Amino acid sequence: MRGTGQRGRSDGTNRAEKGVPEVIFIHPDGRREAVPAEDGQSIMQAATNAGVDGVIGECGGSLSCATCHVFVDEAWASRAPPRSDLEEDMLDAAAVEPTRFSRLSCQIKFAPDIDGIVVRIPTMQR
Ligand code: FES
């Protein structure tokens, strides 16, 4: 059953009732924005397609800009795929100091197992 083991989700939504795969962005002011996402699409692509402020994706996902930096919500951190060495290096160029929850959202491919993932947008990207 979908939604089991989801305690700690900060979006407060019931995914099973909604049925639309999505990513939840939390803006620096606390505003929550849910956007649709498709399998295989990056979280950065989902954000830019929906016009989410604060996720720029300047390089188009080629791992050379760090303007897609997000902080994965702690409750979801272990479910996102691990960072590559290149992503680790590029995170050093992020405008806001990275934390252990930092990811370049172009490197997180959306899939059903992360439907409803919550990511926080930093205060600046460049
Ligand atoms: S879009 Fe440039 S590093 Fe992610």
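Residues numbered from 1 in each chain as written. Predicted model: local features only at pLDDT ≥ 70, side-chain atom pairs only at ≥ 80, totals over all residues.

Some points on the environment of N49
Alright, step 1. Turning to its location among the elements, N49 is positioned in helix α2 (residues 43-50).
Alright, step 2. Take N49: there are 14 C-beta atoms within 10 Å of it, and that puts it in the partly exposed class.
Alright, step 3. The sequence separation of N49 and P36 amounts to 13 residues, and the corresponding C-alpha distance is 9.2 Å. (Helix = DSSP H or I, 4+ residues; strand = E, 2+ residues; numbered from the N terminus. Buried ≥ 20, exposed ≤ 12 C-beta atoms within 10 Å, placed from the backbone.)

Thoughts on the sheet that holds strand β2 (residues 32-36)
Alright, step 1. One open sheet holds the five strands; their spatial order is β2-β1-β5-β3-β4, and the pairing between them is mixed. The open sheet terminates on both sides in strands that have one partner only, identified here as β2 and β4 (102-104). Averaged over all neighbouring strand pairs, the angle between strand axes comes to 40°, with direction disregarded.
Alright, step 2. Alignment of strand β1 (residues 22-26) against β2, held across five bridges, turns out to be antiparallel. When the bridges of β2 are listed, E22 appears paired with P36.
Alright, step 3. Here α2 sits on the sheet in contact with β1, β2 and β5 (118-120), set at roughly 100° to β2. (Pairing = 2+ DSSP bridges. Axes fitted to C-alpha atoms, helices over the stretch in contact; angles between N-to-C directions. Contact = placed C-beta atoms within 7 Å.)

Some details on the nonpolar core
Alright, step 1. Membership of the largest hydrophobic core comes to 26 residues, with the highest contact counts inside it found for V23, F25, I43, A47, V55 and V119.
Alright, step 2. Elements with a contribution of two residues or more to this core: β1, α2, β3 (69-72) and β5.
Alright, step 3. Top contributing element to this core by residue count: α2, with four residues.
Alright, step 4. Look past the residues within four positions of V23 in its chain and what remains in contact with it is V35, A37, I43, A46, F110, I117 and V119. (Core = buried A, V, L, I, M, F, W, Y, C linked by C-beta atoms within 7 Å.)

Describing α2
The α-helix winds at 3.6 residues per turn, so residues separated by three or four positions along the chain end up facing the same way.
Alright, step 1. In terms of burial, α2 is a largely internal element, six of the eight residues being buried.
Alright, step 2. Along α2, the residues that are buried comprise I43, M44, Q45, A46, A47 and T48.
Alright, step 3. Against β1, β2 and β5 lie the buried residues of α2.
Alright, step 4. Of the residues one or two after α2, G51 is the one with positive phi, at around 70°.

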